[in-house]
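# Descriptive structure summary
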Amino acid sequence: MSERSNDSKQGFSVTQRWLHWIAAMLVLTLLPVGFWMVDRAEANIWDGLTGTLYASHKAFGFLVLWLVAWRLILRAINTAPEYPASVSQPIRKLAKITQWLIYALLLVIPLLGWAGVTAFGALNIFLGLSLPAMPGISPDKEFAKELFAIHGWLAVALCALLFLHIAGALKHRLIDRDGVFDHMSLGSKNE
Ligand code: HEM
């Protein structure tokens, strides 16, 4: 997977496209797994399945944090592709605001989760491995619960933004067919 600077008209680089789709698959799994494991915890079901859901949520959520950090670095280095003239100014603004809010939440949500498990003392994942503790966070279960509550609310806000983002992408792909979807697709002719 070689990195190259992208032509601003054609689309994002190959690395940016793969990072987008890998992070998208992970986030779309982390959201239902997160709600499901919390439901089970609230119902006091502490079996192997609940443990596996928590462990994989923490491990893959932590991975998303670094994938998104990498994406943001590439986004800062490379020029973003331009929208075709047919895309109106208000829609461009809405798309940009949505995308930047998604980037922000994809940093803040995992950071809160990581801070929460550090404060709660629940850094263990699987195979006897543990996540590193977040620097500067001391053990405090009450503080951890507050962090988890904000983590959960922001995850709900992320669901709404992702709905808007996916609806927009599908409109470009299926109705407008204006090449905007190909900026991010894998194996498109623009790649
Ligand atoms: C983009 C990444 C992430 C997303 C989208 C996400 C999403 C969610 C969602 C939807 C919930 C359920 C909230 C609720 O029903 O109250 C949840 C809970 C939780 N998440 Fe995440 N999460 C992410 C990253 C992380 C990370 C990196 C960690 C820790 C290393 C983590 C640890 C937890 C824990 C421990 C809970 C349960 C909190 C509780 O029991 O109250 N999450 N997450």
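All of the points below concern the structure found in this document. Model, not experiment: these values are computed from the prediction. (Residues numbered from 1 in each chain as written. Predicted model: local features only at pLDDT ≥ 70, side-chain atom pairs only at ≥ 80, totals over all residues. Heavy atoms only, no water.)

### Quick look at the site of the ligand
To be explicit about the condition: Working definition: residue near molecule or strand if any one of its non-hydrogen atoms lies within 4 Å of it. Polar contacts, as used here, are pairs of N or O atoms within 3.5 Å; protein pairs need one atom able to donate a hydrogen and one able to accept it. Residues neighboring in sequence count only if both atoms are side-chain atoms. Where helices and strands are cited, they refer to DSSP runs of H or I of at least four residues and of E of at least two residues respectively, numbered from the N terminus.
Around the ligand sit 23 residues in total, of which Y54, H57, G61, F62 and H151 are the nearest. Take Y54: an N or O atom from its side chain is 3.1 Å from an oxygen atom of the ligand. The contact in question runs from a nitrogen atom of the ligand to an N or O atom on the side chain of H57, over 2.8 Å. Residue assignment for the shell around the ligand shows that the elements contributing at least two residues are α1 (14-42), α2 (48-77), α3 (89-120) and α4 (141-176).

### Looking at the coordination of the iron atom of the ligand
We count it as follows: The rule for donors is simple: an N, O or S atom within 2.8 Å of the metal counts, and for Na, K and Ca the reach is 3.2 Å. Water is not among the atoms, so a site may look short of donors. Every angle between 85 and 135 degrees makes a four-donor site tetrahedral, while opposite donors more than 155 degrees apart, with all other angles between 65 and 115, make a four-donor site square planar and a six-donor site octahedral; other sites are irregular.
H57 (NE2) and H151 (NE2) make up the full set of protein donors to the iron atom of the ligand, lying at 1.9 to 2.0 Å. Of note is the iron atom of the ligand, whose six donor atoms meet at the metal with angles of 85 to 180° in an arrangement that counts as octahedral. A residue pair is termed long-range when its members are at least 10 positions apart, and H57 in helix α2 and H151 in helix α4 qualify at 94 residues.

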